[in-house]
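# Observations on chain architecture
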Amino acid sequence: MNAPSRRTLLAAGPAMLAAPVTLRAQGSGTPITIVTALRLANWTPAFVAQRRGLFAKHGLRVEIQPAGSIAEPVAVLNARRAQIALTGTGMSVNATVEGASIKVIGLLAGAIGLWFIHKPGVTLNSLADLRGKSIASLRFPSNTVSSPTYAMRSRANMDPAAAGVRFIEGPPGSIIAAVRDGRADLGCVFEWDASIAEAQGLAVSLPLAPVIGPIAFSTAMVREDWLASNRSQAQAFSNALAEALRLIRTDASVYEEVSREEFAQVPPDAVKAGAARLLGTAGVVPVSPVVTREQWDAIIAHELGAGTMRQALPYERIVDNSLAEAAARAAGIA
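In the nomenclature of an unreviewed UniProt entry, the protein is known as ABC transporter substrate-binding protein of Sediminicoccus rosea. Of the comments in the UniProt record for the protein, the one headed Subcellular location (unreviewed entry) reads "Periplasm". UniProt, in the comment section headed Sequence similarities (unreviewed entry), describes the protein in these words: "Belongs to the bacterial solute-binding protein SsuA/TauA family."

What follows is the structure, encoded as structure tokens:
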């Protein structure tokens with residue numbers, strides 16, 4: 001069978017990213033399984049730690065496995081099929097409310113890395129321009145629905161339904177096609193979809209990160225009982241994560257290089273554009289793994305406002321910053 005061409009990959013877009021890819025553990029050390037929500041650039045600091053030997057440096061033999069939704073990683077965690085989950089922070093609260101006991105131990109994304117895509121000529125300068133528009137998205141509770149909904153309500157005092165905003169929800173791989181063929185006016189996407197869409201001639205506008213501000217968007221979480229018995233392993237993970245964040249800031253080329261390795265299905269020009277966009281959007285790639293109270297309060301407000309959280313729990317109940325703080329100090333990024 002012939003390898004797919006660059007044109008085929010661009011046409012397939014995010015559908016090519018849906019296939020599960022497992023980053024297998026290599027070498028010796030304590031085995032740790034990390035499960036991630038979907039296949040997103042949010043987890044690139046962990047991919048850097050894996051592919052540049054930082055987990056191994058700290059005595060861990062890590063395997064990274066993708067899950068199929070934002071909620072699934074915590075279910076995998078509670079089933080004891082993984083030790084660490086990387087997913088949307090609100091899932092830690094929902095799981096704890098339902099009877100689990102989850103601790104957030106580190107920050108992976110400190111801003112919402114979402115953009116709108118559309119055909120050239122569409123005016124999209126502010127949230128007010130979303131009025132009357134159809135928006136292609138993934139299925140709720142995906143942030144491609146919940147985050148623009150929250151932004152409209154909280155930042156523009158605009159009820160989406162009353163403003164004629166309609167979400168067209170679909171599976172991974174559906175958003176770019178829906179915009180391209182005119183079934184939707186706009187699409188709300190993560191990277192690498194934004195850069196793939198741009199390579200296909202669509203425009204990228206209105207990043208949500210500066211609209212919503214600092215927020216504990218994506219975090220690392222563990223079961224509280226596992227943390228109590230395996231604190232040294234959790235500290236080793238945190239140390240590797242902090243060193244990965246320092247490496248990314250010291251040498252930005254590492255972010256693009258690892259992204260090309262991890263997302264081999266994405267054309268290199270889309271990875272290059274996407275890496276620049278992600279690193280150039282304040283907070284998306286955090287400086288430190290520490291979760292601040294400001295970031296916590298922001299994600300709680302976001303999840304409650306978007307309807308994806310059953311009830312709020314306090315910062316002190318869910319967040320254990322001691323590991324990340326120690327790691328940040330050791331890495332010189334505190």
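## Some thoughts on the UniProt feature "domain: SsuA/THI5-like" (unreviewed entry) in the protein
The UniProt record annotates "domain: SsuA/THI5-like" (unreviewed entry) at residues 42-246. For residues 42-246, the end-to-end C-alpha separation is 16 Å, with 39% helix and 23% strand making up the annotated structure.

## Examining the sheet that holds strand E1 (residues 30-37)
Reading across the sheet, the 5 strands line up as E2-E1-E3-E10-E4 and stay open at both edges, with mixed pairing between neighbours. Each end of this open sheet is capped by a strand with a single partner; those strands are strand E2 (60-67) and strand E4 (102-109). Direction aside, the axes of adjacent strands within the sheet are offset by 25° on average. Both E4 and strand E10 (residues 218-223) contribute to a ladder of 6 bridges, which runs antiparallel. Note that in E10 the partner of Val 104 across the bridge is Met 221.

## Quick look at the packing of aromatic side chains
The final tally for this structure, using the stated rule, is 5 aromatic pairs. Aromatic pair Phe 47 and Phe 263: ring centres 5.9 Å apart, planes at 70°, arrangement edge-to-face. On the criterion of sequence distance, the pair formed by Phe 47 in helix H2 (residues 44-51) and Phe 263 in the loop between helix H12 (253-262) and helix H13 (268-279) is long-range, its members being 216 residues apart. Plain terms: the ring middles of Trp 296 and Tyr 315 are 6.4 Å apart, the flat faces sit at 65° to each other, and that makes the pair edge-to-face. With Trp 296 in helix H14 (residues 293-306) and Tyr 315 in helix H15 (residues 315-318), this residue pair connects regions lying 19 residues apart in the sequence. Residue classification places Trp 296 among the buried residues on the basis of a relative accessible area of 1%. According to the relative accessible area criterion, Tyr 315 is buried, its value standing at 15%. Here a set of aromatic residues connected by ring pairs shows up, and it is made of Phe 47, Trp 192 and Phe 263.

Each value, and the rule that gives it
Residues numbered from 1 in each chain as written. Predicted model: local features only at pLDDT ≥ 70, side-chain atom pairs only at ≥ 80, totals over all residues. Heavy atoms only, no water. UniProt positions renumbered as here; feature names shortened; annotations may be inferred. Helix = DSSP H or I, 4+ residues; strand = E, 2+ residues; numbered from the N terminus. Pairing = 2+ DSSP bridges. Axes fitted to C-alpha atoms, helices over the stretch in contact; angles between N-to-C directions. Phe/Tyr/Trp six-rings, centres within 6.5 Å; stacked < 30°, edge-to-face > 60°. Buried < 20%, exposed > 50% of the residue type's maximum accessible area, 1.4 Å probe, protein only.

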